[in-house]
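# Analysis of the macromolecular model
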Amino acid sequence: CIYGTDANDRMARTSKMNMIMHGDGHGGVHHWNGFLNINGIFDGRFNIILTNPPFGAHVEPSALVELPDLEDRTWQEEKRRYAREYGNQYRDAVAYVEAAKGKPIASLFELPKRAENGAVTRKLGKIKTELLFIERCLNLLAPAGRLGIVLPEGVFNNPSLASVREFVEDRAWLRAVISLPQDTFMSTGASVKASILFLQKFTAREQAKFDRLKAAARAETEAKYQPEIDRETARMSAAINAAKTAADKEARKAAEKELAAFQRAIAEKIATESRALLKQRFDY
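In this report, we go over the structure that sits alongside the text. What you are looking at is a predicted structure, and each value in this text was computed from that prediction instead of being measured. (Residues numbered from 1 in each chain as written. Predicted model: local features only at pLDDT ≥ 70, side-chain atom pairs only at ≥ 80, totals over all residues. Heavy atoms only, no water.)

## Points about the overall build of the protein chain
Per the secondary structure count, the protein chain includes 8 helices and 8 strands. Its C-alpha atoms give the protein chain a radius of gyration of 24 Å, clearly above 19 Å, the size a compact globule of 284 residues would have. Taking the principal axes of the C-alpha coordinates as reference, the protein chain spans close to 80 × 45 × 40 Å. Counting across all 284 residues of the protein chain, residues that qualify as buried make up 34%. Just so you have it, the protein chain exposes about 16,800 Å², and 53% of that area is on carbon and sulfur atoms. (Helix = DSSP H or I, 4+ residues; strand = E, 2+ residues; numbered from the N terminus. Rg over C-alpha atoms; globule rule 2.2 N^0.38 Å. Buried < 20%, exposed > 50% of the residue type's maximum accessible area, 1.4 Å probe, protein only. Areas by Shrake-Rupley, 256 points an atom, 1.4 Å probe, with all protein chains shown as cover.)

Written out as structure tokens, the structure reads:
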């Protein structure tokens, strides 16, 4: 019943031996990149996940999906074996990974494509390893599945990571946060203050309700500010056109800067207020 994966060969071998000694077999433990599906470890599969991901490192856009030769006999035999056991869900999972061979690992996830304000962007940036593991674990969970994950304190209170916290809130119930003492991992040479986050993934019905309320809250907030947006945009656009007509470059640049600042401010205000409205309507 227990599955696990570790990029460190020694840790994977130790875990396998530990499982054998406790009479549970070792077929679910793999020496493998934890971000990639393998055999019985794939999206939507698990009821409970417990993990302590590595802290401090980054997943760069240059980190690529590495797989064995896809025509290798062992790879093909394992695919047939697990396809018989898990069916189409496994086939889809392994096909997704095979199609990504040679592409950036980060391209398999949503968080690296998000700007600091939470907006989705096409640019693929680097991302902290522990943040990517949050998304990975949420993907691995079945609906209503539970997650316990050790994370550095900054994930919970750093203003620049607000979009990560919203990403989690959009997909799961926050069940508990347990703050750990500063010296919890001191014996391993790590002095980072950490906490354990416990989540429970939304069921399909809860996710549908959340998405519906989120869209409604966003639309209502945008409608509230639309008159102000139209009025200010028209005023500043007129100033820009007047400056262009007068060939006044400085005035045009100032007006364009003012318009861009207004657009950023109003977008942030709409995001904040729609989020607050959503929290009122969806019982977290």
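Right, picking up where we left off after that structure.
## Some thoughts on the pattern of salt bridges
Following the criterion strictly, the structure yields 16 salt bridges and no others. A salt bridge links glutamate 256 to arginine 252; its shortest N-O distance comes to 3.2 Å. Of the two residues, glutamate 256 and arginine 252 both sit in helix 8 (residues 249–281), 4 residues apart, roughly one turn of that helix. Residues joined by salt bridges that share partners form a network here, namely Glu169, Asp170, Lys214, Arg275 and Lys279. (Salt bridge = Lys/Arg side-chain N within 4 Å of Asp/Glu carboxyl O.)

## So, the environment of alanine 246
In this structure, alanine 246 sits in the loop between helix 7 (204–245) and helix 8. Relative accessible area serves as the criterion here: at 58%, alanine 246 is assigned to the exposed category. For the pair alanine 246 and leucine 70, spaced 176 residues apart in the sequence, the C-alpha separation amounts to 65 Å.

## As for the packing of aromatic side chains
Per the counting criterion, the structure on display carries 13 aromatic pairs. Arranged with centres 6.1 Å apart and planes meeting at 5°, the rings of tyrosine 82 and tyrosine 86 form a pair that is stacked. Of this pair, tyrosine 82 and tyrosine 86 are both found in helix 2 (residues 73–86), 4 residues apart, which corresponds to roughly one turn of the helix. Look at tyrosine 82 and you get buried, because its relative accessible area is 5%. Relative accessible area serves as the criterion here: at 18%, tyrosine 86 is assigned to the buried category. Taken together, the aromatic side chains of Phe42, Tyr82, Tyr86 and Tyr90 make up a single cluster linked through ring pairs. Here the basic side chain of arginine 45 rests over the ring of phenylalanine 46, its NZ or CZ set 5.5 Å away from the ring centre. Just above the ring of phenylalanine 167 sits the side chain of arginine 171; from NZ or CZ to the centre is 3.6 Å. (Phe/Tyr/Trp six-rings, centres within 6.5 Å; stacked < 30°, edge-to-face > 60°. Lys NZ or Arg CZ within 6 Å of the ring centre and 35° of its normal.)

## Examining the sheet that holds strand 3 (residues 46–51)
Within a beta sheet, neighbouring strands are joined by backbone hydrogen bonds and run either parallel or antiparallel to one another. Pairing in this open sheet of 4 strands is mixed, and the strands run 3-6-8-7 from one edge to the other. Each having just a single partner strand, strand 3 and strand 7 (172–179) make up the two edges of the open sheet. Neighbouring strand axes in the sheet, compared pairwise and without regard to direction, differ in orientation by 10° on average. (Pairing = 2+ DSSP bridges. Axes fitted to C-alpha atoms, helices over the stretch in contact; angles between N-to-C directions.)

## Digging into the nonpolar core
Judged by nonpolar contacts, the single largest core of 45 residues is most densely connected at Val65, Ile134 and Leu138. Listed by contribution, the elements that provide at least two residues to this core are strand 3, helix 2, helix 3 (88–99), helix 4 (129–140), strand 6 (141–152), helix 6 (162–169) and strand 8 (194–201). Here the element with the most residues in this core is helix 4; it accounts for 7 residues. The residues contacting valine 65, other than those within four sequence positions of it, are Leu36, Val97, Ala100, Lys101, Gly102, Lys103, Pro104, Ile105 and Leu108. (Core = buried A, V, L, I, M, F, W, Y, C linked by side-chain atoms within 4.5 Å. Contact = heavy atoms within 4.5 Å.)

## Regarding the packing of helix 2 against helix 3
Packing of helix 2 against helix 3 brings their axes to within 7 Å, and their N-to-C directions diverge by 145°. Between helix 2 and helix 3, the residues in contact are Trp75, Glu78, Lys79, Tyr82, Ala83 and Tyr86 and Asn88, Gln89, Tyr90, Arg91, Val94 and Glu98, respectively.

## Focus on helix 6
Three or more residues of helix 6 are buried, namely Ser163, Val164, Phe167 and Val168. Angular distribution of buried residues about the axis of helix 6 spans 145°; they occupy a single face of the element. Elements that come into contact with the buried residues of helix 6 comprise helix 4, strand 7 and strand 8. (Arc of directions from axis to C-beta.)

## Let's talk about the pairing of strand 6
The buried fraction of strand 6 is high, at 9 of 12 residues. Two elements, strand 6 and strand 8, share 7 bridges in a ladder whose sense is antiparallel. Paired with leucine 147 across the strands is leucine 199, a residue of strand 8.

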